Each structure stands twice: as C-alpha cells, then as structure tokens.
Amino acid sequence: MRTSQYLLSTLKETPANAEVISHQLMLRAGLVRNLASGLYTWLPTGLKVLRKVENIVREEMERAGALEVLMPMVQPADLWEESGRWDDYGPELLRLKDRHNRPFVLGPTHEEVITKLVANEISSYKQLPLNVYQVQSKFRDEIRPRFGIMRGREFLMKDAYSFHLTDECLEKTYQIMFDAYCRIFDRLGLDYRPVIADTGSIGGEASHEFHVLAESGEDDIAFSDASDFAANIEKAEALAPTGERPAATQDLTEVSTPSVKTIEDVANFLKVDVKATAKTLLVLGEEVKGQPTPVIALVLRGDHQLNEIKAEHLPLVASPLTFASDEQILAAAGCDAGSIGPVGLNIPVIVDRSAAHLADFVCGANKNDVHFTGANWDRDCAEYTVADIRNVVEGDPSPCGSGNIIIKRGIEVGHIFQLGQKYAEAMNCGVLTEQGKNQTLTMGCYGIGVSRIVAAAIEQNHDKYGIKWPAAIAPYQVAIVPMNMAKSARVKETAEAMYEQLQQAGIEVIFDDRKERPGVMFADHELIGTPLLLVIGERNLDNQELEVKNRITGEKSMIKIEDVMSLFA
RNA sequence: CGGUGAUUAGCGCAGCUUGGUAGCGCACUUGGUUUGGGUCCAAGGGGUCGCAAGUUCGAAUCUUGCAUCACCGACCA
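Residues numbered from 1 in each chain as written. Chains lettered and ligands numbered in written order. Predicted model: local features only at pLDDT ≥ 70, side-chain atom pairs only at ≥ 80, totals over all residues. Heavy atoms only, no water.

1. Section: the protein's contact with RNA strand B
Applicable threshold: Residues are counted as near a molecule or strand when any one of their heavy atoms sits within 4 Å of it. Residues adjacent in sequence count toward polar contacts only when both atoms are side-chain atoms; beyond that, a polar contact is any pair of N or O atoms within 3.5 Å, and within protein one must be able to donate a hydrogen and the other to accept it. Numbered from the N terminus, helices here are DSSP runs of H or I no shorter than four residues, and strands are runs of E no shorter than two.
Around RNA strand B, the surrounding shell holds 50 residues, and the nearest of these are Leu-306, Phe-323, Ala-337, Glu-547 and Lys-549. In the interface set of RNA strand B, defined as its atoms within 4 Å of the protein, sugar plus phosphate atoms amount to 43%. Between Glu-13 and RNA strand B, the recorded distance is 2.8 Å, taken from a side-chain N or O atom to a base nitrogen. In this structure, a base nitrogen belonging to RNA strand B sits 2.3 Å away from a side-chain N or O atom of Glu-547. Only α7 (263–270), β14 (278–284), α13 (518–528), α14 (538–541) and β29 (545–550) provide two or more residues apiece to the surface near RNA strand B. Of all the elements, α13 adds the most residues to the surface near RNA strand B, at 7 residues.

2. Here's the deal with the packing of aromatic side chains
Our working definition: Two rings belonging to Phe, Tyr or Trp (six-membered ring only in the last case) form a pair when the distance between their centres is within 6.5 Å. Interplanar angles under 30 degrees mark stacking, angles over 60 mark edge-to-face geometry, and anything in between is tilted. A 1.4 Å probe rolled over the protein chains alone gives each residue an accessible area, and that area as a share of the maximum for its type sets the label: buried under 20%, exposed over 50%, partly exposed in between.
Summed over all chains, the structure comprises 12 aromatic pairs. When the centroid spacing of 6.0 Å and the interplanar angle of 80 degrees are considered together, the rings of Tyr-6 and Tyr-476 count as edge-to-face. You can see Tyr-6 sitting in the segment before α1 (21–28) and its partner Tyr-476 sitting in the loop between β25 (466–467) and β26 (478–482), a full 470 residues away along the chain. Take Tyr-6 and Tyr-476: they sit in the same class, and that class is buried. Plain terms: the ring middles of Trp-377 and Tyr-384 are 4.8 Å apart, the flat faces sit at 45 degrees to each other, and that makes the pair tilted. Judged on exposure class, the residue Trp-377 and its partner Tyr-384 are both buried. Joined through ring pairs, the aromatic side chains of Phe-178, Tyr-181, Phe-185, Tyr-192 and Phe-210 make up one cluster.

3. Here we look at the environment of Glu-287
Keep this limit in mind: Only heavy atoms enter the contact rule, under which two residues are in contact if any of them lie within 4.5 Å.
Residue position: Glu-287 is located in the loop between β14 and β15 (295–301). Contact partners of Glu-287, with chain neighbours within four places excluded, come to Thr-293 and Pro-294.

4. A word on the sheet that holds β14
This is how it is decided: What makes two strands pair is DSSP finding at least two bridges between them. Every axis in this analysis is a line fitted to C-alpha atoms, fitted for helices over the stretch in contact. Angles between the N-to-C directions lie between 0 and 180 degrees.
Here we have 4 strands laid out as an open sheet, ordered β14-β15-β16-β19, and mixed in their pairing. Looking at strand neighbours, the two that pair on one side only are β14 and β19 (385–387), the edges of this open sheet. The average angle at which neighbouring strand axes cross in this sheet is 30 degrees, direction not considered. In this sheet, β15 lies alongside β14 in antiparallel orientation, the contact comprising 7 bridges. Among the inter-strand pairings, Lys-279 is bridged to a residue of β15, identified as Leu-300. Sitting on the sheet, helix α9 (residues 326–333) touches β14 and β15, and the angle it makes with β14 is about 115 degrees.

5. A look at the nonpolar core
Inside soluble globular proteins, nonpolar side chains tend to come together where they are buried. Rules: For this analysis, a nonpolar core means a set of buried residues of the types Ala, Val, Leu, Ile, Met, Phe, Trp, Tyr and Cys, connected via side-chain atoms within 4.5 Å.
Judged by nonpolar contacts, the single largest core of 67 residues is most densely connected at Met-26, Met-61, Phe-185, Leu-188, Phe-210 and Trp-469. Sort the elements by how many residues they give to this core and helix α6 (residues 167–187) lands first, with 9 residues. With near-sequence residues (within four places) excluded, Trp-469 lies in contact with Leu-31, Val-49, Val-454, Ala-457, Ile-458, Ala-474, Pro-475, Ile-528, Gly-529, Pro-531 and Ile-552.

6. Description of unusual backbone geometry
Omega for the bond connecting Leu-128 with Pro-129 falls within 30 degrees of zero, at -5 degrees, which places this linkage in the cis form. Positive phi is not limited to glycine here, since Asn-366 has a value of about 60 degrees. Along the chain, the position of Asn-366 falls in strand β17 (residues 361–367). With a phi close to 70 degrees, Asp-378 is a non-glycine residue in the positive phi region. One can find Asp-378 in the loop between β18 (370–375) and β19. A relative accessible area of 42% means that Asp-378 is categorised as partly exposed.

7. Considering the state of the cysteines
How we decide: Disulfide assignment relies on a single distance test, namely cysteine sulfur atoms paired within 2.5 Å.
One pass over the full model with this rule turns up 0 disulfides. Cysteine Cys-445 shares no disulfide, and the gap to the nearest cysteine sulfur, in Cys-429, comes to 14 Å.

8. Description of the packing of α1 against helix α11 (residues 450–460)
Quick note on the threshold: Each angle is binned into one of four classes, with values under 35 degrees roughly parallel, values over 145 roughly antiparallel, values of 65 to 115 roughly perpendicular, and all other values oblique. Note on residue categories: nonpolar means Ala, Val, Leu, Ile, Met, Phe, Trp, Tyr, Cys or Pro, charged means Asp, Glu, Lys or Arg, and polar means any other residue, Gly included.
Where α1 contacts α11, the axes come no closer than 8 Å and their chain directions differ by 105 degrees. As judged from the angle between their axes, α1 and α11 are roughly perpendicular. Seen from α1, the contacting residues are Ile-21, Ser-22, Leu-25 and Met-26; seen from α11, they are Val-454, Ala-455, Ile-458 and Glu-459. For the contact of α1 with α11, a count of residues per class yields 6 nonpolar, 1 polar and 1 charged.

9. Some remarks on the sheet that holds β29
The strands making up a sheet associate through backbone hydrogen bonding, with each pair oriented either parallel or antiparallel. The strand order β27-β26-β28-β29-β30 describes an open sheet built from 5 strands, whose pairing is mixed. The open sheet is flanked by β27 (509–511) and β30 (556–560), the only strands paired with a single partner. When the angles between neighbouring strand axes are averaged without regard to direction, this sheet yields 25 degrees. When β26 meets β27, the two strands line up parallel, connected through 3 bridges. Bridging from a neighbouring strand, Ala-479 pairs with Ile-510 of β27. Lying on the sheet, helix α12 (residues 489–504) is in contact with β26, β27, β28 (532–536) and β29; it crosses β26 at an angle near 165 degrees. Packed onto the sheet, α13 meets β26, β27, β28 and β29 and runs at close to 170 degrees relative to β26.

10. Considering the environment of Ile-296
Within the fold, Ile-296 resides in strand β15. A relative accessible area of 2% places Ile-296 in the buried class. Counting along the chain gives 11 residues from Ile-296 to Gly-285, while the straight-line C-alpha distance between them is 5.7 Å. Residue contacts for Ile-296: discarding those within four places in its chain leaves Leu-281, Leu-282, Val-283, Leu-284, Gly-285, Leu-316, Ile-347, Pro-348 and Ile-350.

Keep in mind these numbers describe shape, not what the thing actually does.
Below, the structure written as structure tokens:
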C-alpha cells in the first residue's frame, strides 16, 4: 500500500475525551473513530488489525473442530421469552419493534438462536457432539460505555456453542476449547491468564475467563503467590480464619457515638482497630408471594468488603443484590444506616467467616448514634448463619491451600462456560439416543472479545511514540521510508523496486511515498507501530545498503539491499 | 441511576466575568523553501458558537429548559 493512496488519518494531538492509553493511541494512529457513545467506525488500519485477530481466532476454532455459521443480529423477542431471559436480562438488552409492532432484540449473545437452530436441525445422537461458532457483531446497551473499544456497546465477538449428550463429552470439548483459547492468546503474543470465573447472567456450572494483564483492566484477579491458582475476585473463596475463636472477655456495653457513621469513623472515635469492628449491611431477601419484601442482614469485618456475587448466590438473598432503602432500614433495624448491628436484630443474619471469628468486637446498637463494644457471637447474638460473602484481599491464604493471595488487574478477553441444560431444556433441544429415548442436550459456550483484544494488545504493547504491535497482528509487517525521494532519483528507484519486490513476495508492506520530511514519516510509522522500518537514503546507496529499524527492540542496523528478503525468511 | 465537568472549524483550545455578530495552534489548499527526526515564509478555504425559548436595539457571552459527550461513583452502615 502506498501512503499517498491510503487513509492514514494520524493525529498529532490526543483527543480530550480518551482516557486510557489504548483509546488514545487507537484514535491518534487512525485505527478507529467515534460515532456515538460506545459506537466506533473501524478505519482501514484498524480493520486490518481486527481482521488479523479474527483470522487467528478462526484458524484455531477450525483446528478445534468448530464449524462456522453466521446468525442474525436482530432476534425475535419470543425466543428470549422462551429462554426466560426477556425478563432476566435487564436493560442491557436493547429491545425494538418492527413496522408490524412485533418485538425484537439486538442480540447481546446467541444462545437462544443457536439452541433453536440445533433443536430443529439435530435429531439423532449420531450427529453429536456438535460445536459451532461465529464471528459477529454484538450489541449490549452498557450502562456506561468507556475506554473506547474496550467497553463499547457494539463490538465484535467470536461466540461458539457446543452440544452434547453427556457431561463427560461436554467436559472433553470444554478442555479442547480451553486449549484452543490458550493457543489463540499465545499466537497473539499477549501476556494472559486463564482464571476461574463466575458464570453471571449466562448461567451454568464450570467457567473460566481469560484475562490480559493490564493496569487499566476492569477486573480484579486473585492469584496465589505459590501456585498456578488464579480466580476472578468475584469467585475467589475467602477461607475461614484458622484456630478457635477467642473467648469473650468483655461485657456488652453501649457507648454513645454521636454523628459517627462510617466504620472508619467509629474505629477512630473508639480508638480500636477497624479489624475489631463488624459492619452490618441490609439487603433485600428473596420475595415470598403475598408477603412484604424480607430484609437480610449481612455482617462483615470492618476492613472487609462485600462480594455482591457471592452474596446474591445465597438462597435467602434476592438476585440481583439490592441494598435496602433508608425506609426499609428504619423499619427493619429501628435506626438509620450507620448504627446497625447484629445484636437483637429481628431479621435473618448472615455473617462472613472472618466476622464470625471476632470476639469482643464493636458494632452498631440499632439505635441512632449508639454502638456496642465487647459484643460476642452466641452470647449476644445467637441466631445467625456463617457464609463466605467477602472479597479476598492481598495476603489472605489462597483457597488452593498453597501460598497467599496477590491481586492484579485484568482485561477479560475470553470466557468459556459449561452451560449444562439451561437453554436446551427451555428451548426443547434434544435428540433420540441409541436406546430410542428423547434426551435433552447439554451445552457449552465459548466467547472471545475480538475487538477488545485489539485494545488489550495496545495496553500491553506501547511506548511514548505509539503502538508496538506483536508481529502476528501488526497491520503491516514493514514500512519503506525513503529519504527525500522527490530530489533523489536513486532513492526513488530503490524504494520503488523494494516495494515491488516485497509485494511480489506477499509481504504486507506500506510504502511512504508522501512528499513529507523524514521526521513526519518516522513519527507516523512509529505511532502506527509497524514492526520493521526500511530507511532508504542517498548516503547509504553508494554501499548498496539501507537501514533497518526494529520498532519493538529499537535496534538499528545496516543491511545490503540484496539481502533484504532474508529479513522475512 | 447519582455526582462532577464539558459542548466555539476535522483535532486541541481562547473569547464569556464587563453583550456590539468569532479568534489562536495543529490539520487542510496554493506558491516558494527545506529534506536522516513533527522545517520555515506567504497567501487562502472552512464555524447555524450543541438545541430551543426568553431578556435586549443587539446574545458565543445573561436567564430557563432540553440534548449530547466524558470522567467518577453506584461498597453505605
């Protein structure tokens, strides 16, 4: 490609509303342009990268035995009613109507469509297992799109779905896909980790996420410092403290704590360690028909934070997790938030394992501006259950039994699930077995955020000059940068010949034939991140040499013109 | 959904306090100059000042409403 015939679209200045480095560089290098919140146009350079990622994903899917299909983005609402997700999915699901006033959705994912298809197409166990995938645009009406391509509303996703007669067969395919995902991220040249994950709104049993490690990631990942253990913090188990709970030594005592609200304030005011306090959060319980909404108390050690995912998985607690309103708090506890405690509370109390290990602790007294000191479980509050409801923190013992927890940020670029029969059952998707009996299929599903990978790759590979693409996804492998081509016939001839030769060899080459000064060309190609620059200048032509600059290592070297092709061997 | 801030040329911004019909840098066009790290000079083109209403002889500027965009928060006991 000649730059004179190309849409280079680089920017010198960083657009004001781009926050993270990948978003800034994608705009400056002319990869994407914003259309509206969370919606982007891919420019030629960006699209080349996107397609490369897509092709690597596609090759590995084919190698894993998955079959490519393409499903519609617009899906009839009744499919979603059949699966139950019309009600469950929430406002991220964009709903719309056609001219006949029939309801549709813009697909955020395709379990319904594929399960319906398989229910219609597959009728015998002999056709199983089946694994199909597509690379297609998804639409999720995100509450807050941000970080450019990273959390857009419309984005490119590879989604695969597998269908099986037995759980054993599903597990086998799950492992094949797990391995395929590792190969994909290896080939992409990314620093990534597979982590144990929660299944979220998709539903199902076993699940792993694949995270690209980066400071700007939106997820916290808990690692063990002594083993391979890695889990999304949503899922990382906080173990109970070891040993017996210390015995009570203090009497339960009311203390006045006027206008002291937060747990830090209480600890400071009473001159105790936050770790010796318990905080009590009121959330809504699971509705029982014909009765007022129940309120549940969750008790945590003062320095710990509630894990909403763990909490909403508890049978008593409503899902999604909803905090009680001020009125509901007053009705249930007889005081305002800030003075609630488990002692004498007349609602179900669920205590985190660490909070349950406290003795002589500080907590609210269910009277405004009053707290207890010297509170003790069983003696002062007998009715409670213990559960793991907090986030792990650095230094906690790892749930794998070896080492301690460290926490890093990650960008979720892949997620695989063992779904089980949730959709197959709802959509009546089954086959005849060898014994001639109808059997519901069991499913797996496997997603990769193709467009998000482009942003994640930049987060991991950049410097102050711009993007440093891993070779596998660089838009061009090499750039020809001629010095003063307009004046030097020799430079022009050499550059043109080099361009011709590289093109003939099938190498993706961008030839900067603009009438620009060298600095402009260098800056542009460094911004775009082309891995190799061939600098052709008058001063080296007497020796039949040109300069090779490596964008990744920064190394410069001279090479004979006749030897250039050896760079691509 | 809550909070904060922004909206003036493709991009980055000034002008607004104190109302008089819009400016700077980059980018773009033309001519010249320069040519191994974002040259320099000159001349140009491009804006319903987010939208709507109001105040006023007169509104980018003051008032009100709305919209859009961004960031933070949605963990508060």
